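# Structural description and commentary
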Amino acid sequence: MKPAIQGEFFIKIGVVCLGATILIGDVMKSGVFSLIQACLVVAVVWFFAYRCARRTGVDQRSAMILSSGVSICGVSACITAARVVGGDDRKLSYIVSLVLIVVVPMIYLMPWLANLILPHLLEPEVAREVAGAWIGGTIDTTSGVVASSEMIGGIANSHAVIIKATQNVLIGFVAFFIALYLSTRGERGGQAPSLGIVWEKFPKFILGFVAASLVFSLLQSSGVFVPDASGRLAATGAAKTFSTLFFSLAFVCIGLDTRLKEIISRENRNILSAFIAAQAFNIVATLIIASLLFGVLKPMIS
């Protein structure tokens, strides 16, 4: 079965297909606050996770992979960062396994925390907005975000998906800056820093993701194709189906290639502790940012 276990390949196809489902208009509906939150969460959580991982003894490349997975969008971000930094495939598989395992309890934990904390602090409608922003910024997979936010429903679901989509778009930017940092550090045998090295490390499938989003946004706005009852192009639904299919294939491949005994192995204990600490910080930091943006600033401006 080994030749068929091509998780990375399936993930790349799934990410490109996902781009066709994330239209520019959807992002704009949530306003500038979603973009600000996505950028702040990715930046703050990435640097905290990186410093935490380095202090617990995780090597630099694995720390970058872990930080990208926790701060952006889980599996896709881990694989993108791994291809940029050239990390160890065994450690990549381990970090991806952590992402997928931790997502499951978080799907149920986040709505419970949101319903426990936010209604006592905010008006009901505002609390749902903050809950959606909180869930969208903390759960590491898009499917997990959708499942979790639907437990709250209403505006929470749309906010969560849009913020997660915005974070997904940031994969390429984070990969670019990681590549730029490594190239300016004289990596790859001491080669002089150049844009050529940055371009070589940049994950090309992210360009496919952005191109698909732009093309489908233009097609919908141009009126050339008639949208369905939900207001979307029929082709967008097909792209979503293909995206789900290839992500499912990728996760099965990852499962086949993962040994659960490595989760608690002594060799990976530092990565495990750094991941848990980073995810805990992510939950707290994202709650603060989402509350300030959607619970204070947005109501004041509105």
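Residues numbered from 1 in each chain as written. Predicted model: local features only at pLDDT ≥ 70, side-chain atom pairs only at ≥ 80, totals over all residues. Heavy atoms only, no water.

Let's shift gears to the overall build of the protein. Along its length, the protein carries 14 helices and 0 strands. Relative to its full complement of 302 residues, the protein shows a buried share of 51%. Carbon and sulfur atoms make up 69% of the accessible area of the protein, which amounts to about 14100 Å² in all. (Helix = DSSP H or I, 4+ residues; strand = E, 2+ residues; numbered from the N terminus. Buried < 20%, exposed > 50% of the residue type's maximum accessible area, 1.4 Å probe, protein only. Areas by Shrake-Rupley, 256 points an atom, 1.4 Å probe, with all protein chains shown as cover.)

As a further point, take the side chain of K164. With respect to the secondary-structure elements, K164 resides in helix 9 (residues 155-184). Despite its burial, K164 remains without a salt bridge, the nearest opposite charge being carried by D140 at 4.8 Å. If we ignore the near neighbours within four places in the chain, the residues touching K164 are I72, C73, G136, I139, D140, T141, T142 and V145. (Lys, Arg positive; Asp, Glu negative; His and termini not counted. Salt bridge = Lys/Arg side-chain N within 4 Å of Asp/Glu carboxyl O. Contact = heavy atoms within 4.5 Å.)

Residues I65, L66, M110, L118, W134 and I178 are the most contacted members of the largest nonpolar core, which totals 80 residues. With 12 residues, the top contributor of residues to this core is helix 6 (residues 89-117). (Core = buried A, V, L, I, M, F, W, Y, C linked by side-chain atoms within 4.5 Å.)

Positionally, D140 belongs in the loop between helix 7 (124-138) and helix 8 (142-149). Within the local environment of D140, its side chain forms a polar contact with the side chain of Q279, the two groups lying 2.8 Å apart. (Polar contact = N/O pair within 3.5 Å; in protein donor to acceptor, adjacent residues only side chain to side chain.)

Now for the environment of G237. By the element assignment, G237 lies in helix 13 (residues 234-256). You can call G237 partly exposed: its relative accessible area is 38%. The spatial distance from the C-alpha of G237 to the C-alpha of A20 is 9.0 Å, given a sequence separation of 217 residues.

On to the pattern of salt bridges, then. Two side chains with opposite charge may pair up if their charged atoms get near one another. Tallied over the entire structure, the rule returns 3 salt bridges. Between R128 and E125 there is a salt bridge, with the nearest N and O atoms lying 2.7 Å from each other. Within this pair, R128 and its partner E125 are both found in helix 7, separated by 3 residues, close to a single helical turn. A relative accessible area of 31% means that R128 is categorised as partly exposed.

One pass over the full model with this rule turns up 5 aromatic pairs. An aromatic cluster of at least three residues, connected via ring pairs, comprises W46, F47 and Y50. (Phe/Tyr/Trp six-rings, centres within 6.5 Å; stacked < 30°, edge-to-face > 60°.)

Let us look at the packing of helix 4 (residues 60-73) against helix 5 (residues 75-85). Helix packing geometry: the angle between the two helix axes and the distance between the axes. Put simply, helix 4 and helix 5 touch, their axes get as near as 7 Å, and they point 150° apart. In terms of orientation, helix 4 and helix 5 fall into the roughly antiparallel class. As for the relative orientation of helix 4 and helix 5, their crossing is right-handed in sense. Packed against helix 4, whose contacting residues are R61, M64, I65, S68, G69, I72 and C73, the element helix 5 presents V75, S76, A77, C78, A81, A82 and V85 at the interface. (Axes fitted to C-alpha atoms, helices over the stretch in contact; angles between N-to-C directions. Parallel < 35°, antiparallel > 145°, perpendicular 65-115°, else oblique. Left-handed = near helix turned anticlockwise from the far one by under 90°.)

So, about the environment of K164. Overall, K164 belongs to the buried group, its relative accessible area being 1%. A polar side-chain atom of K164 sits 2.9 Å from the main-chain carbonyl oxygen of I72.

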